[in-house]
Amino acid sequence: MTIEGSDCVVRFESVGLRYGLGPEVLQDISFALAPGSFHFLLGASGAGKSTLLRLMYLALKPSRGLISLFGHNMATTSRRQLPALRRRIGVVFQDFRLLHHLSAFDNVALPLRVAGVRENEIRKHVVELLTWVGLKDHVNIRPTILSGGQQQRVAIARAVIARPKLLLADEPTGNVDDRMAMRLMHLFEELNKLGTTIVIATHNETLVRRLGHPRLRLDAGWLDAGTPDQQAAGKPAAGVFAAATSGSRAKQSSESAA
Amino acid sequence: MWARRSDLPLDHDALGRFLPWLIAFMVYLAALALAGMLLLNAMAARWDKGMSDTLTVQIAPADSPEKDAQRVRATLGIIRSFPGVARAQPLDEGRLMDLLEPWLGPGGGAEDLPLPHLIDVKLKTGARVDAAALAKRLAAAVPGTAVDDHGVWLERLIRLVRTVEALATAVLLLIGLATAGTVVFTTRTGLSIHHEAIEVLHLIGAQDTYVARQFAGRALAMGLRGGVIGLVFAVPTLLGIGYLATRMQAGLLPDVSLDPHHWAALAGLPLVVAAIAMVTARLTVMRTLARML
């Protein structure tokens, strides 16, 4: 059961997760994401989408199985090495997780500050990006005063500001209208063209259909990584082999897109 | 660096208002303990220096004044030829009466008492004079003499002073520990209050040192603020105690006032406390975060 290429950005092998002694929330998850791929993560509420993302952005440790990110086996990666890995990952949290005492500007600037970027560079980039997501006039406003959609855009700006190698977004267009949703999706696609691997968890089937990127479908803790046609006929428990094909397919799709 | 905004709302939690006052109280107590310690230290050093180069020789009275005078002359002769002695001076009658007055009252008929003659001996600075040898030689030549090198009572006094000093040091150490303990407690509470924000910082790729720096910076600022408040209250207290002491002393105590060096040491207290707070906060954050994912 070899998954080709240690150059995968994300690789899961038989990953299972349970909270405490409860039942497994995720079971035998195996897949691999090639550099520069773009995936939608689909599934009903409670299927485990957010949990899978949490495993990917290193907020959770799996109960079993192997996770490797950027070629590092997470089981053998020390705590001291995590910040460097995390700086290569941008995350749009479902509940945004903005720091409420900081302005929109300071929230977006955080990843750069944490990475030690100089203040004058930070100002230029952050204002530019906030302008791009339509928040030019809200730069110094605190998130508590912003609307849900505006907060979401701040969260997205924070996730992409440092040009991450892997972008994970949990329902990133849940609070904005379709026009803004498409605009944000284009932002993700721009980033993807620059080489960022992208995984977006969403309910928005229209969006998924319109953009046509490969899908990962979670069903009651099992991952199905097939194409739309295969999903119609496919079984939920696709396992390791689906994962292997998913990885290669992702690569192909990104190649054809480029 | 001071103007640097914090990524965590550390100044807005209740602990931020409570910690400086607690530190102020600690610094106030520490200032009193330190001032006491410095004064005792200076006092002991002064006594040690002032007393260790003097001796008193006492000559028991004989039955006639002529004999007395002869005995004093003989004793003086021996003392002045003894190695290490700078000068020897018999205490005159008037000075002796002055010394006795507190015990006998003014004009208390001391003239009728058979009083011993006292000889005040100054030693050369730094000379170690063998008081026992001197006493032996004097006793052989003039029976009824006694040499008092103040050693016994000086030693006891200094031992007492050193004990009190050790206590003051212990008090300072305890205050330091209590400050550190308070900072550990407030830092841990701060970590749990701001747990979510810290998690976000971590997920964004912040190192533990990044978070620790914010807590340490806050602790330093609060330590300084509290320290200065404590010192502002301690200074008038110390001046008041000093004023009362000068009014009370009446020659009983040596001069008890803080010199510029002592004030400098006291002014350093807020800095020391702030440094303790900063280091403690940093270590606490690093240790607590090491247990997180």
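Position numbers for residues count from 1 along each chain, tracking the sequence in the order it is written. Think of it this way: whatever chain is written first is A, whatever ligand is written first is 1, and the rest follow in order. Totals for whole chains, interfaces and linings use all residues, but because this is a predicted model, local features are given only for residues with pLDDT of at least 70 and pairs of side-chain atoms are given and counted only at 80 or more.

**Points about the domain arrangement of chain A**
Residue and element names in this part refer to chain A.
Right, on to step 1. Under the domain assignment, chain A is made up of domain 1 (1-88 + 164-258) and domain 2 (89-162).
Right, on to step 2. Any two residues are considered in contact once their C-beta atoms, placed from the backbone, lie within 7 Å. On the side of domain 2, 14 residues touch domain 1, which itself brings 20 residues to the contact.
Right, on to step 3. Of all the secondary-structure elements, those providing two or more residues to the side of domain 1 that touches domain 2 are α2 (82-86), β7 (166-170) and α6 (178-193).
Right, on to step 4. Along the lines of polarity and charge, the residues of the side of domain 1 that touches domain 2 split into 13 nonpolar, 2 polar and 5 charged. What marks off one domain from the next here is an automatic or database domain assignment. In this description a helix means any DSSP run of H or I spanning at least four residues, a strand means any run of E spanning at least two, and both kinds are numbered starting from the N terminus. Under the scheme applied, nonpolar residues are Ala, Val, Leu, Ile, Met, Phe, Trp, Tyr, Cys and Pro; charged residues are Asp, Glu, Lys and Arg; polar residues are all the others, including Gly.

**What about helix α1 (residues 49-56) of chain A?**
Residues and elements named next belong to chain A.
Right, on to step 1. Put plainly, a residue is buried at 20 or more neighbouring C-beta atoms within 10 Å of its own, exposed at 12 or fewer, and partly exposed in between, counting only other residues' C-beta atoms, which are placed from the backbone. Burial analysis of α1 places 6 of its 8 residues in the buried class, the great majority of the element.
Right, on to step 2. Looking at α1, one finds that the buried residues are Lys-49, Ser-50, Leu-52, Leu-53, Leu-55 and Met-56.
Right, on to step 3. Looking one or two residues beyond α1, the residue adopting positive phi is Leu-58, at roughly 65 degrees.

**Here we look at the domain arrangement of chain B**
Right, on to step 1. For chain B, the assigned domains are domain 1 (10-48 + 154-289) and domain 2 (61-143).
Right, on to step 2. One C-alpha centre belongs to domain 1 of chain B, the other to domain 2 of chain B; they are set 52 Å apart.

**Here's the deal with the nonpolar core**
Right, on to step 1. The nonpolar core criterion groups buried Ala, Val, Leu, Ile, Met, Phe, Trp, Tyr and Cys residues into a set whenever they are joined through C-beta atoms within 7 Å. Ranked by size, the top nonpolar core spans 114 residues in total, and within it Val-10, Leu-41 and Leu-168 of chain A together with Val-27, Ala-31, Ala-219 and Ala-277 of chain B carry the most contacts.
Right, on to step 2. It is helix α1 (residues 14-52) of chain B that provides the largest number of residues to this core, a total of 13 residues.
Right, on to step 3. With residues up to four places along the chain from it excluded, the contact list for Ala-277 of chain B reads Ile-23, Thr-179, Val-183, Ala-219, Leu-220, Met-222 and Gly-223 of chain B.
Right, on to step 4. Counting 12 residues, the second largest nonpolar core, distinct from the first, contains Leu-55, Val-57, Leu-123 and Val-147 of chain B.

**Notes on the pairing of strand β1 (residues 54-59) of chain B**
Residue and element names in this part refer to chain B.
Right, on to step 1. Along β1, the buried face is formed by Leu-55, Val-57 and Ile-59; none of Thr-54, Thr-56 and Gln-58, which line the opposite face, is buried.
Right, on to step 2. Strand pairing is assigned whenever DSSP detects at least two bridges linking the two strands. Of the strand pairs in this sheet, β1 and strand β4 (residues 145-148) are connected by 4 bridges, and their pairing is antiparallel. The residue of β4 that forms the bridge with Ile-59 is Thr-145.

**Notes on the interface of chain A and chain B**
Right, on to step 1. Contact with chain A, which involves 15 residues of that partner, is made by 13 residues of chain B.
Right, on to step 2. Going through the elements one at a time, α2 and α3 (104-114) of chain A are the ones with two or more residues in the side of chain A that touches chain B.
Right, on to step 3. Here the element with the most residues in the side of chain A that touches chain B is α3 of chain A; it accounts for 3 residues.
Right, on to step 4. Grouping the amino acids of the side of chain A that touches chain B by side-chain chemistry returns 10 nonpolar, 1 polar and 4 charged.

**What to know about helix α2 (residues 65-80) of chain B**
Residue and element names in this part refer to chain B.
Right, on to step 1. The span you would expect from a helix comes to 1.5 Å times its residue count less one. If you check α2, its first and last C-alpha atoms are 22 Å apart, about what 16 residues at 1.5 Å a residue would give, namely 22 Å.
Right, on to step 2. Those residues of α2 not exposed but buried are Arg-71, Thr-75 and Ile-79. Buried residues of α2, viewed axially, fall in a sector of 70 degrees; they line one side. For α2, exposure combined with an orientation more than 90 degrees from the buried face picks out Glu-66 and Arg-73.
Right, on to step 3. On its buried face, α2 sits against β1, β2 (85-90), β3 (117-123), α4 (131-141) and β4. What the arc measures is the spread of directions leading from the helix axis to the C-beta atoms.

**Describing the environment of Leu-55 of chain A**
Residue and element names in this part refer to chain A.
Right, on to step 1. Assignment of secondary structure puts Leu-55 in helix α1.
Right, on to step 2. Note on Leu-55: 23 C-beta atoms within 10 Å, which makes it buried.
Right, on to step 3. Taking the C-alpha atoms as reference, Leu-55 lies 9.0 Å from Leu-17; in sequence the two are 38 residues apart.

**Digging into the sheet that holds strand β6 (residues 89-92) of chain A**
Residues and elements named next belong to chain A.
Right, on to step 1. Ordered by their spatial adjacency, 6 strands build an open sheet running β6-β7-β8-β3-β9-β10, and the pairing between neighbours is mixed. Either end of the sheet is taken by a strand with one partner, and the two such strands are β6 and β10 (222-224). With direction set aside, neighbouring strand axes in the sheet form an average angle of 15 degrees.
Right, on to step 2. Judged from the 5 bridges that link them, β7 and strand β8 (residues 197-201) form a sheet pairing that is parallel. Within β8, the position partnered with Leu-168 by the bridge is Val-199.
Right, on to step 3. Packing of α1 onto the sheet brings it into contact with β3 (38-42), β7, β8 and β9 (215-219), and relative to β7 it is tilted by some 155 degrees.
Right, on to step 4. On top of the sheet, helix α5 (residues 148-160) reaches β6 and β7; it is set at about 175 degrees to β6, its chief contact. Only the stretch in contact is used when a helix axis is fitted, and all axes are lines through C-alpha atoms; the angle between N-to-C directions ranges over 0 to 180 degrees.

**With respect to the sheet that holds β2 of chain B**
Residue and element names in this part refer to chain B.
Right, on to step 1. Here 4 strands make up an open sheet; going across it, the order is β2-β3-β1-β4 and the pairing antiparallel. On the outer flanks of this sheet lie β2 and β4, each paired with one strand and no other. Neighbour to neighbour, the strand axes of the sheet diverge by 20 degrees on average, direction disregarded.
Right, on to step 2. The strands that α2 touches are β1, β2, β3 and β4; relative to β2, the one it contacts most, it runs at about 170 degrees.

**Digging into the packing of α3 of chain A against helix α4 (residues 119-132) of chain A**
Two measures define how a pair of helices packs: the angle their axes make with one another and the distance between the axes.
Residues and elements named next belong to chain A.
Right, on to step 1. Look at α3 against α4: their axes get within 10 Å of each other, and the N-to-C directions meet at 125 degrees. Looking at the two axes, α3 sits oblique to α4. The handedness of the crossing between α3 and α4 is right-handed. Residue-level contacts link Ala-104, Phe-105, Val-108, Ala-109, Leu-112 and Arg-113 of α3 to Ile-122, His-125, Val-126, Leu-129 and Leu-130 of α4.
Right, on to step 2. Here the contact of α3 with α4 is built from residues that sort into 9 nonpolar, 1 polar and 1 charged. Angles are sorted into four bins: roughly parallel if under 35 degrees, roughly antiparallel if over 145, roughly perpendicular if 65 to 115, and oblique for all others. Here a crossing is taken to be left-handed if its near helix is turned anticlockwise relative to the far helix by less than a right angle, and right-handed if that turn runs clockwise.

**Details of the confidence of the model for chain A**
Right, on to step 1. On a range of 0 to 100, pLDDT expresses the predictor's confidence in each residue. This prediction gives chain A a mean pLDDT of 83; 84% of its residues lie at or above 70.
Right, on to step 2. Considering only residues more than four positions removed or in separate chains, one finds that residues 227-258 of chain A, a stretch of pLDDT under 50, has 55 contacts.

**Points about the environment of Met-56 of chain A**
Residues and elements named next belong to chain A.
Right, on to step 1. Inspection of the secondary structure assignment puts Met-56 in helix α1.
Right, on to step 2. Between the C-alpha atoms of Met-56 and Ser-68, which are 12 residues apart in sequence, the distance is 9.0 Å.
Right, on to step 3. When residues no more than four places from it in sequence are discounted, the contact partners of Met-56 are Val-10 and Leu-168.

**Quick word on the packing of α3 of chain A against α5 of chain A**
Residue and element names in this part refer to chain A.
Right, on to step 1. Relative to each other, α3 and α5 sit at 25 degrees, their axes nearing to 7 Å. It follows that α3 is roughly parallel to α5 by the angle criterion. Of the two elements, α3 crosses α5, and the hand of that crossing is right-handed. Where α3 approaches α5, its residues Ala-104, Asn-107, Val-108, Leu-110 and Pro-111 are matched on the opposing element by Val-154, Ala-157 and Arg-158.

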